[in-house]
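# Results of the structural survey
Here are the chains, one letter per residue:
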Amino acid sequence: MSTPRRLAAGLSAGMLGWLAFPEAALAHGLVGKTDLPIPRWLFAWAAAIVLVASFVALATLWPRARYQTPPERQIGRYPRLLDPICGAIGVALFVAVTYAGIAGHQEATANILPTWIYVIFWVGLAFASFLFGDIFRAFNPWRAAARLVAWLTGLVRPGRTAAEPLSYPSWLGRWPAALGLLGFAWLELVYVNKDVPQTLAFLALGYAALQLIGMSLYGIELWSSRADAFSVYFNLFSRLSWLRWADGRIYRRPPFVGVVTLEILPGTVALLAVMIGSTSFDGFSVGSVWVGSGQLFSRLQDFFTNLGVAVETASELAGTVGLLGMVLVIAGLYRIGVIGMRSLGGDHDARELSARFIHTLVPISLAYVVAHYFSLLAYQGQAISYLASDPLGDGSNIFGTASSSIDYNVVSANAIWYVQVGALILGHVAGLTLAHDRALATYTRIREATRSQYWMLAVMVGFTSLGLWILSSTQ
Amino acid sequence: MTFQPIIAHFGHWYFQILYAVPVVVIVGALSLQSWRENRAQRRRRE
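All of the points below concern the structure found in this document. This one's a predicted model, so the numbers in the text were calculated from it and none came from an experiment. (Residues numbered from 1 in each chain as written. Chains lettered and ligands numbered in written order. Predicted model: local features only at pLDDT ≥ 70, side-chain atom pairs only at ≥ 80, totals over all residues. Heavy atoms only, no water.)

## Describing the overall build of chain A
When you go through chain A residue by residue, the secondary structure sums to 19 helices and 3 strands. Relative to its 475 residues, chain A shows a buried fraction of 52%. Taking the intrachain contacts of chain A between residues at least 6 apart in sequence as the baseline, contacts between residues at least 24 apart amount to 80%. Just so you have it, chain A exposes about 20,400 Å², and 65% of that area is on carbon and sulfur atoms. (Helix = DSSP H or I, 4+ residues; strand = E, 2+ residues; numbered from the N terminus. Buried < 20%, exposed > 50% of the residue type's maximum accessible area, 1.4 Å probe, protein only. Contact = heavy atoms within 4.5 Å. Areas by Shrake-Rupley, 256 points an atom, 1.4 Å probe, with all protein chains shown as cover.)

Here it is, written out as structure tokens:
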């Protein structure tokens, strides 16, 4: 048996074994009961059929690479002053919510900081980056602060700018961003005190300080584009957007194709594996296989408790194992696709193919974010209306909206499920299309290019089924 | 976890396996396709 077939057989057996844990599905915290016309698993079959049909359509109707250079058209201009204004707003918001975290009520639901970080910033900005382009770059508070310092340095010592003393090591690539995102995912999904406002505020200040040091050592733009976890994260989603903002000009392009210009740098595969793996674990960690009596979490927790570890620490260690495990599953799935690609066409090595096709995981990552967090944004995002009026939780009513509440009827459970399925299908079809286009540019013959994508198709179907299974097991 | 309880609660979890069916079908189809191509290649060499 060849390596890819062994891997595929192992994957199939592993998935079957993994799915075969008994226990009824648990209810998701936010989504209500759905009333669907067909069973949920049938949606996974339908999604797979859509992907296979898309693959066949691409193989027959898309004979040459079209989007290796994204076609862009300038549609407008914006004043240069907008950049520092947005930066000032970003700094002001950062100072305000951090202050609220330190000085305000320490109950998570009464203080604006946890909702701001986990809902508005982490989820809302991901959606906004896809819809409107790289917004975070303009509002990034630490980038704005660093640029202000650089500008002041130029004023005080004319002719001299704040030059970076060190050159960024090429081997470092996007590894700092991957580790930063893994750290944030751990904070959000594993750390026991994840919603204590003061803890979050001090962590935010520490992160900002770290970014300022990094930018002063390696340069503002270079550090932001490679090492700042959030800049890199939101920038990746903005590459899927139909809008690009640069140098006072606004460009329009077809959605999803901006990502083809993603620079091939070390750590990018790890970054995407962390992005998809952490979102998957977010769903998996509230699903029937992970939680519940006798399930994976309690078994791992018992294992660590039996080693003499305190219950709280054992819980965090179990979560850490789960998070890292899910990241490795995602990295492994992609690896299978790459090895399969290598085995079926051309004389390209696995490392080269892995780098050349990694951009195809970006729309999948966005699809996972939309599928997993749409309900959170739709429901919990409304909390910002009363939290903005009373950010410290001390009873104030700044905007007169402190008494507003969350309307859980704003979107139905069925609508959420359809958005989740639609996002997963669209994201994977986009990934498949990008992979097909890149294959046409990589291989000399069309047949070779199409054959090389057989295993990527299997990987895409695997990602879709995994995503839908995780979502269904949480509802 | 023993074999017996898994079977006993089959009705609670069998539908979870159904999510893996598309993956198994596609991997199976691809493996079959690869095997046929390799066999054809071997025959051509002979």
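## Side note on unusual backbone geometry
In most cases, non-glycine residues show a negative phi, while peptide bonds are predominantly trans. Residues and elements named next belong to chain A. Within the chain, aspartate 247 stands out as a residue other than glycine whose phi angle is a positive 50°. Relative to the helices and strands, aspartate 247 resides in the loop between β2 (243-246) and β3 (249-252). Positive phi is not limited to glycine here, since phenylalanine 256 has a value of about 80°. Of note, phenylalanine 256 is situated in the loop between β3 and α11 (268-284).

## Here we look at the sheet that holds β2 of chain A
Residue and element names in this part refer to chain A. The sheet built from 3 strands is open, its strands ordered β1-β3-β2 with antiparallel pairing. Each having just a single partner strand, β1 (73-77) and β2 make up the two edges of the open sheet. Across the sheet, the mean angle separating the axes of adjacent strands is 30° when strand polarity is ignored. Two elements, β2 and β3, share 4 bridges in a ladder whose sense is antiparallel. When the bridges of β3 are listed, leucine 243 appears paired with arginine 252. (Pairing = 2+ DSSP bridges. Axes fitted to C-alpha atoms, helices over the stretch in contact; angles between N-to-C directions.)

## Describing a nonpolar patch on the surface
All names here are of chain A. A grouping of Leu81, Ile85, Ile89 and Leu93 is seen on the molecular surface, where their side chains present a nonpolar patch of about 350 Å² in accessible area. The residue leucine 93 is located in helix α3 (residues 82-103) in this model. Relative accessible area serves as the criterion here: at 36%, leucine 93 is assigned to the partly exposed category. (Patch = residues over 30% accessible without salt bridge, like charges linked within 9 Å, V, L, I, M, F, W, Y side chains within 5 Å. Salt bridge = Lys/Arg side-chain N within 4 Å of Asp/Glu carboxyl O.)

## Describing helix α12 (residues 296-306) of chain A
Residues and elements named next belong to chain A. Listed as buried for α12 are Ser298, Gln301 and Phe304. Projection of α12 onto a plane perpendicular to its axis shows the buried side chains occupying an angular sector of 125°, all on one side. Residues of α12 that are buried in the fold lie against α13 (311-344). A positive phi of about 100° marks glycine 308, the residue just after α12. (Arc of directions from axis to C-beta.)

## Section: a positive patch on the surface
Residue and element names in this part refer to chain B. Positive charge collects at one region of the surface, where Arg42, Arg43, Arg44 and Arg45 lie side by side. Along the polypeptide, arginine 45 turns up in helix α3 (residues 21-45). Assessed through its relative accessible area of 65%, arginine 45 is described here as exposed. (Lys, Arg positive; Asp, Glu negative; His and termini not counted. Charge placed at Lys NZ, Arg CZ, Asp CG, Glu CD.)

## Description of the side chain of threonine 433 of chain A
Residues and elements named next belong to chain A. Note on placement: threonine 433 falls in helix α17 (residues 413-442). Taking relative accessible area as the criterion, threonine 433 reaches 18% and is therefore assigned buried. Those residues within four positions of threonine 433 in sequence are excluded, and the remaining contacts are Leu58 and Trp62.

## Notes on the packing of aromatic side chains
All names here are of chain A. Tallied over the full model, the rule gives 33 aromatic pairs over all chains. On the basis of an interplanar angle of 85° and a centroid distance of 5.2 Å, the ring pair of phenylalanine 184 and phenylalanine 230 is categorised as edge-to-face. In this pair, phenylalanine 184 sits in helix α7 (residues 175-189) while phenylalanine 230 sits in helix α10 (residues 229-238), placing the two residues 46 residues apart along the sequence. Residue phenylalanine 184 is classed as buried on the basis of its relative accessible area of 8%. On the basis of relative accessible area, phenylalanine 230 is assigned to the buried category, the value being 6%. Aromatic pair tryptophan 186 and tyrosine 191: ring centres 5.5 Å apart, planes at 25°, arrangement stacked. Its guanidinium or amino end placed over the ring of tryptophan 62, arginine 66 lies 4.5 Å from that ring's centre, counting from NZ or CZ. (Phe/Tyr/Trp six-rings, centres within 6.5 Å; stacked < 30°, edge-to-face > 60°. Lys NZ or Arg CZ within 6 Å of the ring centre and 35° of its normal.)

## Some details on the pattern of salt bridges
Pairing between side chains of opposite charge can happen when their charged atoms approach one another. All names here are of chain A. Summed over the entire model, instances satisfying the criterion amount to 9 salt bridges over all chains. Between glutamate 221 and arginine 147 there is a salt bridge, with its nearest N and O atoms 3.7 Å apart. Of this pair, glutamate 221 sits in helix α9 (residues 220-226) while arginine 147 sits in helix α6 (residues 141-156), and the two are 74 residues apart along the sequence. Two residues, glutamate 263 and arginine 239, come together in a salt bridge whose shortest N-O distance is 3.4 Å. Of this pair, glutamate 263 sits in the loop between β3 and α11 while arginine 239 sits in the loop between α10 and β2, and the two are 24 residues apart along the sequence. Using a relative accessible area of 41% as the deciding quantity, one classes glutamate 263 as partly exposed.

## Structural notes on the packing of α7 of chain A against α13 of chain A
Packed helices, taken two at a time, are described by the angle between their axes plus the distance between the axes. Residue and element names in this part refer to chain A. Between α7 and α13, whose axes approach to 10 Å, the crossing angle comes to 135°. Viewed along their axes, α7 and α13 adopt a mutual orientation that is oblique. As for how α7 packs across α13, the hand of that crossing is right-handed. Together, Leu182, Ala185, Trp186 and Leu189 of α7 and Glu316, Thr320, Leu323, Leu324 and Val327 of α13 make up the contact between the two elements. (Parallel < 35°, antiparallel > 145°, perpendicular 65-115°, else oblique. Left-handed = near helix turned anticlockwise from the far one by under 90°.)

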